[in-house]
Amino acid sequence: MSDPRPLTAAVIGAGAGGTLSIDALLASDDFTLTAVADMSEAALERVREKTGGTVATYTDALEMFAQSPTEVVCVSTYAPTHLPLTRAALEIPGIRGLLVEKPLGDTTAAGREILDLIKAHDLPVVVPHGLMAQAGGAEVVRRVRAGEIGTLRVVEIECTSWDIINAGIHWFQFFVALTGGEPVDFVLAAADVSTRTFRDGMQVETDAITLARTRSGVRALMHTGDFVPLTRNDIVCLFRIVGDNGFIEFGAYEGYFTIVNAGNDRVRVDVEPFEVSGHQRHLEFLASQIRDGSRDYAIPDSSLQALEIVEAAYESARAHGTVLLPIDGEQPERPTDWNAGAPYSGTGGGRNGREL
Ligand SMILES: NC(=O)c1ccc[n+]([C@@H]2O[C@H](COP(=O)([O-])OP(=O)(O)OC[C@H]3O[C@@H](n4cnc5c(N)ncnc54)[C@H](O)[C@@H]3O)[C@@H](O)[C@H]2O)c1
């Protein structure tokens with residue numbers, strides 16, 4: 001019989017993402033939050049206020065691991081720190097599971113190493129993509145996978161005030177879930193950077209368009225940026241999910257979507273929200289895996305796929321060319337002396353595109 005006691009848990013990084021985990025751990029009967037580490041005293045002070053001083057606080061994660069070892073660790077700092085912190089957390093005697101925030105790493109290679117390490121320890125991990133733990137998003141995935149709009153062809157994503165890496169990774173993870181985890185063959189993206197926008201520790205685009213195409217031909221077309229005019233002005237992200245026999249329109253995190261398919265002329269479908277927050281749902285799924293010994297890496301694996309699309313999108317924009325996946329595989333040649341749209345002089349080689 002499994003141990004009914006709550007699992008002890010610690011969080012590293014008490015910012016926006018970490019607070020979602022802290023609140024979820026405090027709200028859940030499955031966990032006791034025992035420690036939080038953050039290098040910012042102000043962040044720790046907010047934790048002490050919230051918890052009435054019942055949680056041990058540390059400015060250094062390694063000190064926390066040594067002084068307050070827990071069964072669960074949530075890695076909720078910025079992406080470049082996820083790998084070293086995960087590696088260190090796995091050294092805690094008695095560690096039983098992890099939450100690692102999206103993006104898993106700052107590169108696909110780092111994200112892959114994180115998942116490989118955790119799997120090598122035979123431990124469960126969750127990556128808290130909100131749409132996967134939200135009733136509307138889950139129902140849209142279920143219906144698309146059940147074939148309610150026919151064979152999936154295109155997922156168009158309009159997203160304003162956000163960028164490819166910080167929010168786009170959620171949208172690409174959703175795309176991967178809609179395709180059932182189908183591998184993406186290539187990514188082609190263009191980015192304008194005229195406003196020198198930075199967000200969440202990253203230099204990001206002012207405006208960008210990303211095309212990703214899966215092996216069977218399902219395309220994602222994502223328009224991100226600071227001021228993307230949406231067809232609706234009350235949301236930051238709209239999905240238009242198009243199949244052979246219909247389509248679904250879904251505003252990210254909304255409790256309803258609109259479906260148009262055989263016999264349904266723009267039907268609004270309202271979905272009963274889940275009772276607990278997305279982070280709590282993900283963490284309780286982690287607890288259930290710890291308790292029954294099962295392992296489900298579907299969302300972490302799809303998060304890694306999304307990270308590779310994100311990395312490929314920025315690489316494509318930089319290189320002005322198609323990026324083939326896997327991103328560390330062979331890439332197309334990228335001539336610097338070929339000016340698409342300029343007259344062809346008749347000399348200089350190249351491929352005659354009229355010869356089929
Ligand atoms: N899943 C979601 O819905 C969601 C929402 C928000 C943020 N996030 C993710 O959470 C992560 C953190 O982003 P954020 O928005 O919370 O940033 P933030 O700036 O609000 O908070 C980060 C916190 O981590 C602390 N920190 C950074 N490095 C540290 C280290 N090595 N040791 C201890 N403390 C450290 C900082 O002092 C800061 O308080 C990112 O990966 C982000 O994408 C996810």
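Small disclaimer: the values here were computed from a predicted structure and weren't measured. (Residues numbered from 1 in each chain as written. Predicted model: local features only at pLDDT ≥ 70, side-chain atom pairs only at ≥ 80, totals over all residues. Heavy atoms only, no water.)

Taken in spatial order, the nine strands make up an open sheet running 16-15-14-13-7-12-11-8-17, and their pairing is mixed. Whereas interior strands pair on both sides, the edge strands pair on one side only; in this sheet they are strand 16 (264–270) and strand 17 (323–324). Here strand 7 (residues 152–159) runs beside strand 13 (residues 237–243); their pairing, made up of seven bridges, is antiparallel. Residue pairing across strands places Glu156 opposite Arg240, the latter belonging to strand 13. Sitting on the sheet, helix 7 (residues 168–178) is in contact with strand 7, strand 8 (184–192), strand 11 (207–214), strand 12 (219–225), strand 13 and strand 14 (246–251), with an inclination near 165 degrees to strand 12. (Pairing = 2+ DSSP bridges. Helix = DSSP H or I, 4+ residues; strand = E, 2+ residues; numbered from the N terminus. Contact = heavy atoms within 4.5 Å. Axes fitted to C-alpha atoms, helices over the stretch in contact; angles between N-to-C directions.)

All right, on to the packing of aromatic side chains then. Taken as a whole, this structure holds six aromatic pairs when the rule is applied. Measuring from ring centre to ring centre gives 5.7 Å for Trp171 and Phe239, while their planes differ by 85 degrees; the resulting arrangement is edge-to-face. Of this pair, Trp171 sits in helix 7 while Phe239 sits in strand 13, and the two are 68 residues apart along the sequence. This pair shows no difference in class: Trp171 is buried, exactly as Phe239 is. When the centroid spacing of 5.9 Å and the interplanar angle of 55 degrees are considered together, the rings of Trp171 and Tyr253 count as tilted. Of this pair, Trp171 sits in helix 7 while Tyr253 sits in the loop between strand 14 and strand 15 (256–261); the two residues are 82 residues apart in sequence, bridging distant segments of the chain. You can call Trp171 buried: its relative accessible area is 3%. (Phe/Tyr/Trp six-rings, centres within 6.5 Å; stacked < 30°, edge-to-face > 60°. Buried < 20%, exposed > 50% of the residue type's maximum accessible area, 1.4 Å probe, protein only.)

It is generally the case that most residues other than glycine have a negative phi and that most peptide bonds are trans. Of note, the amide linkage connecting Lys102 to Pro103 takes the cis form, showing an omega dihedral of -15 degrees. Within the secondary structure, Pro103 sits in the loop between strand 5 (97–100) and helix 5 (108–120). Across the junction of Leu325 and Pro326, the peptide omega takes the value 0 degrees, indicating a cis bond. By secondary structure assignment, the location of Pro326 is in the segment after strand 17. Here Ser161, not a glycine, exhibits a phi torsion of approximately 70 degrees, which is positive.

The next thing to look at is the site of the ligand. Among the 20 residues in the neighbourhood of the ligand, the closest are listed as Gly17, Asp38, Tyr78, Glu101 and Lys102. Here an oxygen atom of the ligand and a side-chain polar atom of Tyr78 are 2.9 Å apart. Between the ligand and Lys102 there is a distance of 2.8 Å, counted from an oxygen atom to a backbone nitrogen or oxygen. Bound to the protein, the ligand loses 79% of the 840 Å² it would expose on its own. Residue contributions to the shell around the ligand peak at three residues, all from helix 1 (residues 16–27). Taken together, the residues of the shell around the ligand sort by class into eight nonpolar, nine polar and three charged. (Near = heavy atom within 4 Å. Polar contact = N/O pair within 3.5 Å; in protein donor to acceptor, adjacent residues only side chain to side chain. Areas by Shrake-Rupley, 256 points an atom, 1.4 Å probe, with all protein chains shown as cover. Nonpolar A, V, L, I, M, F, W, Y, C, P; charged D, E, K, R; others polar.)

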